[in-house]
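Structure assessment
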Amino acid sequence: MTTANTTGTATLTDGVRAEATIDLAALRGNLAALRERTGASALMAVVKADAYGHGAVRCAREAVAAGVNWLGTATPEEALALRAAGIGPEQARVLCWLWTPGGPWQQVLRAGIDVSVSALWALAELVRAVRETGVPGRVHLKADTGLGRNGCQPRDWPELVAAALRAQAEGLIEVVGLWSHFAAADEPGHPSIQAQLDGFAAALGYAEQAGVRPEVRHLANSPATLLLPQSHYDLCRTGLAMYGLSPVPEVGAPADFGLRPVMSLTARLALVKTVPGGHGVSYGHHYVTPGETTLGLVPVGYADGIPRHASGSGPVQVAGKWRTIAGRVAMDQFVVDLGGDTPEVGEPVLLFGPGGNGEPTAEDWGRACGTLSYEIVTRIGARVPRRYVGGSGA
Ligand SMILES: *Cc1c(COP(=O)(O)O)cnc(C)c1O
């Protein structure tokens, strides 16, 4: 597919091979749009997985400067990295929720990080670390209301709540949160949604009856924040929407929710050459030139997070025109058929951007690869430098 359109907007720092541009002004705008939606509920900026590839510390700092005072990570190591970067407990609560036995409980306690507990083993490890450090723990008890992933099953909930309340009575922990996570909030009308809302209300009701007085009850992820106001409770945990991508592309594009994509990915043409018709392109020769044409070499590959599933389907914009990846994506590079055009070597190739100038978006890439925009941005690798623009100076 080759679609002509308006001039591209790709820019690239002099001399770099490839670059992910992170628009912090867009991030702030997205946070403002989300806050308008969440009203009295607080916002948690979810910055796990290096802020979905956008850079955890930079994005967390920007969110905190914009008044967000909850940060969320999956692993305790990710949470510790935020504290190590100087984001203190007085600036933001940090919650981490993915623990394995032997995790860094003591460091997390000393760093003033909130922890999620889904099971008795985790509570026992936490309590031991509290006794060792003398620092009480701040705990969010997680209920499995139907996702079937992390969280405590309803049949085990009374036992977990009772054990947590015993530790609280001893002054070892404080149960500050009750929470859960949706399975299909991105599929409006999915029967699991109401079942989980009901299950969450039941888990809250039980814990509160038993004597838990949580600071925050939280259930909503990005799709629920956008579509299910009844799930907002005290805190909405937004990841994808904060990065300006739509978690529900069938319902609306980012702009329909007042969001703007934060990451753009650009690479520089490394070679432009004319080849004869019938010439195989890239490993396995899955593309063969239909006639004499020009090929452009784009110096990013699966080591940079370009999915190999984008072979033969991933879209890029070169000199204002859409091109599709010709043949296989290799570890470090792929090729596009430029159809006889001869852009300069060094010309920027826009892989994805906000979409406002006709360029492909991360959503387009997700569709081309049979995955989600979540995976496209999150996988952009460490070999691709990030360039931050629009920062507030935070
Ligand atoms: C990743 C994650 C989120 C954020 O999800 P988005 O759909 O990106 O907003 C919220 N809560 C939990 C438990 C998560 O793992």
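Residues numbered from 1 in each chain as written. Predicted model: local features only at pLDDT ≥ 70, side-chain atom pairs only at ≥ 80, totals over all residues. Heavy atoms only, no water.

Here is the rule we go by: UniProt positions are given in the numbering used here, feature names are shortened, and annotations may be inferred rather than shown by experiment.
The name an unreviewed UniProt entry assigns to the protein chain is Alanine racemase, from the organism Kitasatospora kazusensis. UniProt, in its Pathway (unreviewed entry) section for the protein chain, records the words "Amino-acid biosynthesis; D-alanine biosynthesis; D-alanine from L-alanine: step 1/1."

**Description of the packing of helix H6 (residues 120-133) against helix H7 (residues 157-169)**
Keep this limit in mind: Angles here are taken between N-to-C directions and fall from 0 to 180 degrees, while the axes themselves are lines fitted to C-alpha atoms, restricted in helices to the stretch in contact. Helix and strand labels come from DSSP, where a helix needs a run of H or I of at least four residues and a strand needs a run of E of at least two; each type is numbered from the N terminus. Small angles under 35 degrees read as roughly parallel and large ones over 145 as roughly antiparallel, with 65 to 115 read as roughly perpendicular and the rest as oblique. Here a residue-residue contact requires only that any non-hydrogen atoms of the pair lie within 4.5 Å. Under the grouping applied here, Gly and all other residues not named as nonpolar or charged are polar, the nonpolar ones being Ala, Val, Leu, Ile, Met, Phe, Trp, Tyr, Cys and Pro and the charged ones Asp, Glu, Lys and Arg.
Look at H6 against H7: their axes get within 10 Å of each other, and the N-to-C directions meet at 10 degrees. In terms of orientation, H6 and H7 fall into the roughly parallel class. Contacts between H6 and H7 involve Leu120, Leu123 and Val127 from the first element and Glu159, Leu160, Ala163, Ala164 and Ala167 from the second. In terms of residue class, the contact of H6 with H7 is made up of seven nonpolar, no polar and one charged.

**Description of the UniProt feature "modified residue: N6-(pyridoxal phosphate)lysine" (unreviewed entry) in the protein chain**
Using the residue numbers shown here, the UniProt feature "modified residue: N6-(pyridoxal phosphate)lysine" (unreviewed entry) corresponds to Lys48. Following the sequence through the fold, Lys48 ends up in helix H2 (residues 48-52). Residue contacts for Lys48: discarding those within four places in its chain leaves Gly72, Thr73, Ala74, Glu78 and Trp97.

**Quick notes on the nonpolar core**
Let me state the cut-off plainly: By convention a nonpolar core is built from buried Ala, Val, Leu, Ile, Met, Phe, Trp, Tyr and Cys residues, the set being connected through side-chain atoms within 4.5 Å. Each residue's exposure class comes from its accessible area (1.4 Å probe, protein chains only) as a fraction of the maximum for that residue type: buried when under 20%, exposed when over 50%, partly exposed otherwise. An automatic or database domain assignment supplies the residue ranges for each domain.
Membership of the largest hydrophobic core comes to 114 residues, with the highest contact counts inside it found for Leu141, Trp157, Ile173, Phe334, Leu351, Phe352 and Trp365. Considering every element that reaches this core, the biggest residue donor is H7, with seven residues. Two domains each put at least three residues into this core: domain 1 (2-18 + 262-389) and domain 2 (25-242). Each residue touching Phe352, except ones within four places of it in the same chain, is listed here: Met263, Ser264, Leu265, Pro360, Thr361, Ala362, Trp365, Ile376, Val377 and Ile380.

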